Amino acid sequence: RVLIVDDEPEVGALLADILRREAAGIEVAASGQEALKLLARREYDAILTDLRMPEMDGPELFRQIEQRWPQRARLVIFITGDALSPTVQTFLAGTGQPYLEKPFVPAEVRKIVQEIVSAAALRRQSVAAGS
């Protein structure tokens, strides 16, 4: 399952189309607040969020996820059209999470999502083996 968080409906729809074959379920949230409500009800294998959104931006959404569900912070993939900004670079480096640059290259979107999903599956197997 993949959660896409973007205030631009066409961006959310484009990402959903790119991932449709790989994901068992895709949900699109139009805001950080909407994403938090969905995250409170369901588990996701990857969370793609835009950095720049009104009200609650991607960095604030990430902080909320870290506080509420620390293990889910590793599932976040950021979306940006401004990766060259020093502020954005500092934030992205501080999180250690991957990011996608607009305009999207479909193969790169699928590759990064698959890497996040695979890493999460390995963590789950490791935890299960240790219990």
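The present account deals with the structure reproduced in this document. (Residues numbered from 1 in each chain as written. Predicted model: local features only at pLDDT ≥ 70, side-chain atom pairs only at ≥ 80, totals over all residues. Heavy atoms only, no water.)

### Regarding the overall build of the protein chain
Phase 1 of the analysis: Scanning the protein chain from N- to C-terminus turns up 5 helices and 5 strands.
Phase 2 of the analysis: Traced from its N-terminal end to its C-terminal end, the protein chain shows the element sequence β-α-β-α-β-α-β-α-β-α.
Phase 3 of the analysis: What you see for the protein chain is a C-alpha radius of gyration of 14 Å, in line with the 14 Å of a compact globule of 131 residues.
Phase 4 of the analysis: Across its three principal directions, the C-alpha atoms of the protein chain cover 45 × 30 × 25 Å. (Helix = DSSP H or I, 4+ residues; strand = E, 2+ residues; numbered from the N terminus. Rg over C-alpha atoms; globule rule 2.2 N^0.38 Å.)

### Some thoughts on the packing of aromatic side chains
Phase 1 of the analysis: Inspection of every chain in the model, using the stated rule, returns 3 aromatic pairs.
Phase 2 of the analysis: With a centroid separation of 5.4 Å and 65° between ring planes, the pair formed by Phe 62 and Phe 78 is classed as edge-to-face. Pair noted here: Phe 62 is in helix H3 (residues 58-68) and Phe 78 is in strand E4 (residues 76-80), with a separation of 16 residues, a long-range link.
Phase 3 of the analysis: Here Phe 62 falls in the buried class, since its relative accessible area comes to 4%. (Phe/Tyr/Trp six-rings, centres within 6.5 Å; stacked < 30°, edge-to-face > 60°. Buried < 20%, exposed > 50% of the residue type's maximum accessible area, 1.4 Å probe, protein only.)

### What about helix H5 (residues 106-130)?
Phase 1 of the analysis: The first and last C-alpha atoms of H5 sit 36 Å apart over 25 residues, in line with the 36 Å expected at 1.5 Å per residue.
Phase 2 of the analysis: Among the residues of H5, Val 109, Ile 112, Val 113, Ile 116 and Ala 120 are the ones counted as buried.
Phase 3 of the analysis: On its buried face, H5 sits against strand E1 (2-5), helix H1 (9-19), strand E3 (46-50), E4 and strand E5 (99-101). (Expected span 1.5 Å × (residues − 1). Contact = heavy atoms within 4.5 Å.)

### Overview of the sheet that holds E1
Phase 1 of the analysis: The sheet built from 5 strands is open, its strands ordered E2-E1-E3-E4-E5 with parallel pairing. Sheet topology places strand E2 (26-29) and E5 at the edges, where each strand pairs with a single neighbour. With direction set aside, neighbouring strand axes in the sheet form an average angle of 20°.
Phase 2 of the analysis: Alignment of E1 against E3, held across 4 bridges, turns out to be parallel. Across the sheet, residue Val 2 finds its bridge partner in E3, namely Ala 46. (Pairing = 2+ DSSP bridges. Axes fitted to C-alpha atoms, helices over the stretch in contact; angles between N-to-C directions.)

### Re unusual backbone geometry
Phase 1 of the analysis: Following Lys 102, the chain continues to Pro 103 via a peptide bond in cis, the omega torsion being -5°.
Phase 2 of the analysis: For Pro 103, the location among the structural elements is in the loop between E5 and H5.
Phase 3 of the analysis: With a phi angle near 65°, Glu 55 is a residue other than glycine that sits in the positive phi range.
Phase 4 of the analysis: Relative to the helices and strands, Glu 55 resides in the loop between E3 and H3.

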